[in-house]
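Notes for the structure review
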Amino acid sequence: MTYDILITGLIIIAQILAVVVPVLISVAFLVYAERKVLALIQLRRGPNIVGPFGIFQSFADALKLITKENIIPSGSNKIVFILAPIITMVLSLAGWAVIPFAPGWVVSDINVGIMYLFAVSSLGVYGIIMAGWASNSQYPFLGALRSAAQMVSYEVSIGFVIITVLLCVGSLNLSKIVLAQQTVWFAIPLLPMFIIFFISALAETNRLPFDLPEDESTLVAGFFTEYSSASFVLFFLGEYASMILMSSMTVILFLGGWLPPFDVYPLNVVPGVIWFTVKVIFILFLFIWVRGTFPRYRYDQLMRLGWKVFLPFSLFWVVATSGFLVYFDMLPN
């Protein structure tokens, strides 16, 4: 019995590492890709010194930050101050437990996967609030308040978007959501909700043009102004891991997950992972493209967009989708 438990534990640890390690490596290359794409948008070179074409620049920056002194402000709540980046990083990785990369390739294929994912992504605000409060500084505290209001506001519209998809599928299982798109990806019939979800994902991950919690022009660096060294690295990794996670959610809910854009059955694991990765990279490119294209919103514009535009429209679309499915007797069993 003890031997079986040990083997099971080792298998679970191996599954977790098989997901976490590629995600962390992907974060490093995402930072490099972002700097390169922004450089192309702004007609400059970007990183090109460390390694071939500068591909090791992110690893060099991480090594530099980790070896620096970790400064904790004397007036801060030291325990909460240290816990905040750890919580942010752990939550950004916890959501990957239910992400299906290909048929059968998922750490935990639970029946309420989408609710688990929504709950974990919603908890991310706590790390930011803790960081802003524990720093005992005005700029981080203002950034934390902004982040709390912003993330709560856009989670409402994200919730309605998810409800619309669930109405079309009839299941909370992420693998079944993907398989329900074998005929047509949900991005086509639910195009307005796809756009709302993508924009809300930008706000949920504090990305430009919605990066008000870390607005350097007014808040220095926002909620992580007082952070340095490894603590700053954890916040940085958490933000970019959350970007990849939200991109994966977008792919699963609207772009058919691992399914190709044309019928290829049966689809085995390797092509499924490749298609999933290509789609996630495309969504991440849109994240970077938006950053290099649009100016930062004012805070009142941010709130107005969330509460006066996205909320009523997404609620209307939920009602319209429900009525359509009932009228044409298309509700899933």
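Further up the page is the structure itself.
Presented here is an overview of the structure given in this document. (Residues numbered from 1 in each chain as written. Predicted model: local features only at pLDDT ≥ 70, side-chain atom pairs only at ≥ 80, totals over all residues. Heavy atoms only, no water.)

**A word on helix α5 (residues 138-169)**
- The terminal C-alpha atoms of α5 lie 46 Å apart, and with 32 residues this matches the ideal 46 Å at 1.5 Å per residue to within 8%.
- Directly beyond the C-terminal end of α5, a positive phi value near 80 degrees is found at glycine 170. (Helix = DSSP H or I, 4+ residues; strand = E, 2+ residues; numbered from the N terminus. Expected span 1.5 Å × (residues − 1).)

**Points about the packing of aromatic side chains**
- Considering all chains together, one arrives at 17 aromatic pairs under this definition.
- Between the aromatic rings of phenylalanine 101 and phenylalanine 276, the centroid separation amounts to 5.6 Å while the plane-to-plane angle is 80 degrees, which identifies the pairing as edge-to-face. You can see phenylalanine 101 sitting in the loop between α3 (78-94) and α4 (113-134) and its partner phenylalanine 276 sitting in helix α10 (residues 269-293), a full 175 residues away along the chain.
- Each member of the aromatic cluster is reached from another via a ring pair, and the members are Tyr154, Phe210, Tyr297 and Phe310. (Phe/Tyr/Trp six-rings, centres within 6.5 Å; stacked < 30°, edge-to-face > 60°.)

**Digging into the pattern of salt bridges**
- Inspection of the entire model under this criterion finds six salt bridges.
- A salt bridge links glutamate 34 to arginine 291; the nearest nitrogen and oxygen atoms lie 2.7 Å apart. In this pair, glutamate 34 is assigned in helix α1 (residues 2-41) and arginine 291 in helix α10, connecting sequence segments 257 residues apart.
- Exposure remark for glutamate 34: the relative accessible area of 2% places this residue in the buried category.
- Accessibility expressed as a relative area gives 32% for arginine 291, which makes it partly exposed.
- Linked through salt bridges whose partners overlap, the residues forming this network are Glu34, Arg207, Glu239 and Arg291. (Salt bridge = Lys/Arg side-chain N within 4 Å of Asp/Glu carboxyl O. Buried < 20%, exposed > 50% of the residue type's maximum accessible area, 1.4 Å probe, protein only.)

**Considerations on the packing of α5 against helix α7 (residues 191-204)**
- Taken N-terminus to C-terminus, the directions of α5 and α7 make an angle of 150 degrees; their axes are 9 Å apart at the nearest point. Of the possible angle classes, the one that applies to α5 and α7 is roughly antiparallel. Judged by the sense of rotation from one axis to the other, the crossing of α5 with α7 is left-handed. In this structure, α5 contributes Gln150, Met151, Tyr154, Glu155, Ser157, Ile158, Phe160, Val161, Ile162 and Thr164 to the contact, and α7 contributes Met193, Ile196, Phe197, Ser200, Ala201, Ala203 and Glu204.
- In terms of residue class, the contact of α5 with α7 is made up of eleven nonpolar, four polar and two charged. (Axes fitted to C-alpha atoms, helices over the stretch in contact; angles between N-to-C directions. Parallel < 35°, antiparallel > 145°, perpendicular 65-115°, else oblique. Left-handed = near helix turned anticlockwise from the far one by under 90°. Contact = heavy atoms within 4.5 Å. Nonpolar A, V, L, I, M, F, W, Y, C, P; charged D, E, K, R; others polar.)

**Some thoughts on a nonpolar patch on the surface**
- Residues Tyr3, Leu6, Ile7, Leu10, Ile11, Ile13, Leu17, Val21, Ile25, Phe29, Phe56 and Phe59 make up a contiguous nonpolar surface patch of roughly 1100 Å² in combined accessible area.
- With ten residues, α1 is the single largest residue contributor to the nonpolar patch.
- Along the chain, the position of isoleucine 13 falls in helix α1. (Patch = residues over 30% accessible without salt bridge, like charges linked within 9 Å, V, L, I, M, F, W, Y side chains within 5 Å. Areas by Shrake-Rupley, 256 points an atom, 1.4 Å probe, with all protein chains shown as cover.)

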